[in-house]
Amino acid sequence: PSQDDANDHGYIFTKPVGSQDVFGDYYWNATDACCDIFNSNPEHVSYIIALVDSIKENYNVDPQRIHLIGQSNGGFMCHRMACEAPEVFASVVSLTGAMWNDESNCQPSEPIHVLHIHGTLDPIIFWLGGFLGPKLVPYPGASTTAAHWATHNGCTTDATNAGSFNFDDFIWFAETTRWVYEQCDEPSAGSSELWEVFGGSHFPIISTEGTNMIFEYMDTHTKPVPTCNADVNGDDQVNVADVLYVIGAGKSSDPNADINNDGVVNVADLLEVISGWGPCQP
């Protein structure tokens, strides 16, 4: 998807490029298989997190609708970020990438939505997995990658066929099958989905339908909105500000401060604030 596509769908578009190697080519230090072949070891995870923080500081961004999309090496980096910063992103969309071959390298702290898109005839990052780099480091196949995320998100290990559509305009039929892993532990927070592009290559010509499907996926795979009754001022934190608000509304019927809904703001509501102290949880 392009900047125009993002604008049309109500998204802010940012395109980071990673680091340059000795040949001047850009790359991401994603997994052991891809693609820091000269072992420069740049810290790209922290860089992307800092970039997102900068954007949030300067623009009116919905923190429940931050998504990461990448292709090839960028697709590998999407999986890396889902492993290490699931609290930052609602979803990652990896096109022709892969995650760690050793699943133990991925220990996400919370659920995250993951969409993996891959062509069955990809000659560079094979559908069934393979080896990359001078040391021939293994990477998993598309189905294994999606199944790993199903496991991380507590979903079923068998995917369900959710229908087909035309993703790649180079292929003149509804060549892409959606495989959805269901019954996830927290389906509103984390899921796994695989789009199998039958006959697809490493560089698909994404159709208008394919672009719209990606944005529809992001629109429907957001982070749960944090809620807690004691957050009377709506800043997703229960803290001193909420205490002061309740005290200021004492003996009134202010619905925002009447946390226990008994018709009056009193010490009972103050105790609710104290018991709910800290950040709101989804």
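Conventions and cut-offs
Residues numbered from 1 in each chain as written. Predicted model: local features only at pLDDT ≥ 70, side-chain atom pairs only at ≥ 80, totals over all residues. Heavy atoms only, no water. Helix = DSSP H or I, 4+ residues; strand = E, 2+ residues; numbered from the N terminus. Buried < 20%, exposed > 50% of the residue type's maximum accessible area, 1.4 Å probe, protein only. Phe/Tyr/Trp six-rings, centres within 6.5 Å; stacked < 30°, edge-to-face > 60°. Disulfide = S-S within 2.5 Å. Core = buried A, V, L, I, M, F, W, Y, C linked by side-chain atoms within 4.5 Å. Contact = heavy atoms within 4.5 Å. Pairing = 2+ DSSP bridges. Expected span 1.5 Å × (residues − 1). Lys, Arg positive; Asp, Glu negative; His and termini not counted. Salt bridge = Lys/Arg side-chain N within 4 Å of Asp/Glu carboxyl O. Polar contact = N/O pair within 3.5 Å; in protein donor to acceptor, adjacent residues only side chain to side chain. Patch = residues over 30% accessible without salt bridge, like charges linked within 9 Å, V, L, I, M, F, W, Y side chains within 5 Å. Areas by Shrake-Rupley, 256 points an atom, 1.4 Å probe, with all protein chains shown as cover.

> Could you give an account of unusual backbone geometry, naming the residues involved and the relevant values?
Here the bond from C34 into C35 is cis, since omega is 5 degrees, no more than 30 degrees from zero. Positive phi is not limited to glycine here, since L136 has a value of about 50 degrees. Assignment of secondary structure puts L136 in the loop between β6 (129–132) and β7 (137–140). L136 gets classed as exposed once you look at its relative accessible area, which sits at 55%.

> Describe in detail the packing of aromatic side chains, supporting the description with residues and values.
All told, the structure shown has seven aromatic pairs when counted by the stated rule. When the ring of Y11 is compared with that of F215, the centres are 5.6 Å apart and the planes differ by 45 degrees; the resulting orientation is tilted. Pair noted here: Y11 is in the loop between α1 (3–8) and β1 (19–20) and F215 is in helix α5 (residues 208–220), with a separation of 204 residues, a long-range link. A relative accessible area of 3% places F215 in the buried class. On the numbers, 6.1 Å between centres and 75 degrees between planes, the contact of F76 with Y139 is edge-to-face. Taken together, the positions of F76 in helix α3 (residues 73–84) and Y139 in strand β7 put the pair 63 residues apart, joining distant regions of the chain. By relative accessible area, F76 is classed as buried at 0%. Ring-pair connections join several aromatic residues into one group, and the members of that group are F165, F167 and W195.

> Account for the state of the cysteines, with residues named and values stated.
Overall, the coordinates contain four disulfides when judged by the stated rule. Each disulfide pairs two cysteine sulfurs, and for C34 the partner residue is C35, the sulfurs being separated by 1.7 Å. An S-S torsion of about -75 degrees defines the bridge between C34 and C35 as left-handed. Each sulfur of the disulfide joining C228 and C280 lies 2.0 Å from the other. Of this pair, C228 sits in the loop between α5 and β11 (237–238) while C280 sits in the segment after β12 (278–279), and the two are 52 residues apart along the sequence. Residue C280 is classed as buried on the basis of its relative accessible area of 9%. Disulfide connectivity for the protein, with bonded cysteines indexed by sequence position, reads 1-2, 3-4, 5-6, 7-8.

> Before we move on, can you summarise the nonpolar core with the specific residues and values?
F76, M81, F89 and W149 are the most contacted members of the largest nonpolar core, which totals 30 residues. Those elements giving two or more residues to this core turn out to be α2 (44–58), α3 and β7. The element best represented in this core is α3, accounting for six residues. Residue contacts for M81: discarding those within four places in its chain leaves V45, I48, I49, L68, P86 and F89. Among the nonpolar cores identified, the runner-up in size contains 16 residues, and L115, I171, M213 and F215 belong to it.

> Residue-level account of the pairing of β6, with values.
Bridge count for β6 against β7 is four bridges, and the pairing is antiparallel. Each bridged residue has a counterpart across the sheet, and for F131 the counterpart in β7 is P138. Between β6 and β7, which follow one another and run antiparallel, lie four residues, and G133 among them has a positive phi close to 85 degrees.

> Can you break down α5 residue by residue, with the values?
Within an α-helix, residues lying three or four positions from one another point in the same direction, as the helix has 3.6 residues per turn. The terminal C-alpha atoms of α5, which comprises 13 residues, lie 18 Å apart, in line with the 18 Å expected from a rise of 1.5 Å per residue. G210, T211, M213, I214, F215, Y217 and M218 are the residues of α5 that are buried.

> Please give an account of the side chain of D258 that cites residues and values.
Along the chain, D258 turns up in the loop between α6 (240–248) and α7 (267–275). As a buried residue without a salt bridge, D258 has its nearest oppositely charged side chain in K251, at a separation of 15 Å. A distance of 3.3 Å separates the side chain of D258 from the backbone nitrogen of D262, its partner in a polar contact. Separated by 2.9 Å, the side chain of D258 and the backbone nitrogen of G263 make a polar contact. Discounting chain neighbours no more than four positions away, the residues touching D258 are G263, V264, V265 and D269.

> An account of a nonpolar patch on the surface is needed here, citing residue identities and associated values.
Taken together, V22, F23, I37 and F38 make up a surface patch of nonpolar side chains, about 440 Å² in accessible area. With respect to the element layout, F38 can be found in the loop between β2 (26–27) and α2. For F38, a relative accessible area of 37% puts it in the partly exposed group.

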